[in-house]
Amino acid sequence: MNKTRCSWATDVEEIYIRYHDEEWGIPTHDDRELFEMLVLESFQAGLSWITILKKRGNFRKAFDDFDVEKVAEYGEDKVNELRENAGIIRHNGKIASAISNAKVFIDIQKEFGSFDNYIWRFTDGKIIKGEYLTESELSQKISKDLKKRGMKFVGPTIIYSYLESIGIIDNHQENCFKF
């Protein structure tokens, strides 16, 4: 039996379908996964998500499986290694922001007990359904707060996409089996 999916996950590569079916819009509460998606979404800026998905395994390897403590400690040698890694996006600003954002992520964990507590407090733990936007008041508010804390590559559109990826915003279309 064929499943009806969101229009963006129809007639596309299997990796996209798996992401739609197994991750997108599903509430995420694990800080490692929350950090991974934040880094991947920031690297996606200006690119297609399929590009990031295809390189995801390389990103995991290059960024020590998104261990936030390790990423926060990256020095010049590791930065140079990342810049030379053809398996990831070799954008100097995005590499630098992944490292500095890791430090802010840790600060947020210390302040709120976890990044999960921080990010889900913006909706009191509730899932927002069916907005179908590219940014919202919520993504603007979170973006502003993260930037104030020192994060980069966390504009309102990136954050909106992030919120979809971690399930705070569930934009599965009404005819989708995941709705």
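Above: the structure in question.
Remember, predicted model here, so these are calculated numbers, not experimental data.

Draft legend 1. Representation of helix 9 (residues 156-165). Along helix 9, seven of the ten residues are buried, which leaves the element largely enclosed by surrounding structure. If you check which residues of helix 9 are buried, you get Ile158, Ile159, Tyr160, Tyr162, Leu163, Glu164 and Ser165. On the buried face of helix 9, the contacting elements are helix 1 (14-22), helix 2 (31-44), helix 7 (115-120), helix 8 (137-149) and strand 2 (169-170). At the C-terminal side of helix 9, Gly167 shows a positive phi close to 85°.

Draft legend 2. Focus on the nonpolar core. Ranked by internal contacts, the top residues of the largest apolar core, which has 53 residues, are Phe63, Phe115, Ile119 and Leu163. Among the elements that make up this core, the one with the highest residue count is helix 6 (residues 92-112) (eight residues). Sequence-distant contacts of Phe115, defined by excluding residues within four places in its chain, comprise Asp31, Leu34, Phe105, Ile108, Gln109, Leu146, Met151 and Tyr162.

Draft legend 3. Structural detail: the environment of Gly155. Assignment of secondary structure puts Gly155 in the loop between helix 8 and helix 9. Sequence-distant contacts of Gly155, defined by excluding residues within four places in its chain, comprise Ser143 and Lys147.

Draft legend 4. Region of the structure containing the state of the cysteines. Enumeration according to the criterion identifies zero disulfides in this entry. In this model Cys6 remains outside any disulfide bridge; the closest cysteine sulfur is found in Cys176, 3.8 Å from its own. Here Cys6 falls in the buried class, since its relative accessible area comes to 0%.

Draft legend 5. Expanded view of the pattern of salt bridges. Under the criterion given, the structure shown has 13 salt bridges. For Lys54, the salt bridge goes to Glu13, with nearest N and O atoms at 3.0 Å. Note that Lys54 is positioned in helix 3 (residues 49-62) and Glu13 in the segment before helix 1, a separation of 41 residues in sequence. For Glu13, a relative accessible area of 42% gives the class partly exposed. As a salt-bridge pair, Arg32 and Asp65 come within 3.9 Å of each other at their nearest N and O atoms. Of this pair, Arg32 sits in helix 2 while Asp65 sits in the loop between helix 3 and helix 4 (68-72); the two residues are 33 residues apart in sequence, bridging distant segments of the chain.

Definitions and cut-offs
- Residue numbers here run from 1 along each chain, matching the order of that chain's written sequence.
- In view of the model being predicted, local features appear only for residues whose pLDDT reaches at least 70, and side-chain atom pairs are presented and counted only at 80 or more, with totals across whole chains, interfaces and linings using the full set of residues.
- Values shown for side chains rest on all heavy atoms present in the structure; no hydrogens or waters enter the calculation.
- Think of it in three bands: with a 1.4 Å probe and only protein chains considered, a residue is buried below 20% of the maximum accessible area for its type, exposed above 50%, and partly exposed in between.
- Secondary structure counts use DSSP, requiring at least four H or I residues in a row for a helix and at least two E residues in a row for a strand, with both numbered from the N terminus.
- The contact criterion used is simple: two residues touch if any of their non-hydrogen atoms lie within 4.5 Å.
- Buried Ala, Val, Leu, Ile, Met, Phe, Trp, Tyr and Cys residues that are joined via side-chain atoms within 4.5 Å together make up what is termed a nonpolar core.
- Pairs of cysteine sulfur atoms within 2.5 Å are what we label disulfides.
- The salt bridge definition used is simple: a Lys or Arg side-chain nitrogen within 4 Å of an Asp or Glu carboxyl oxygen.

By themselves, these are just geometric observations and shouldn't be taken as functional.
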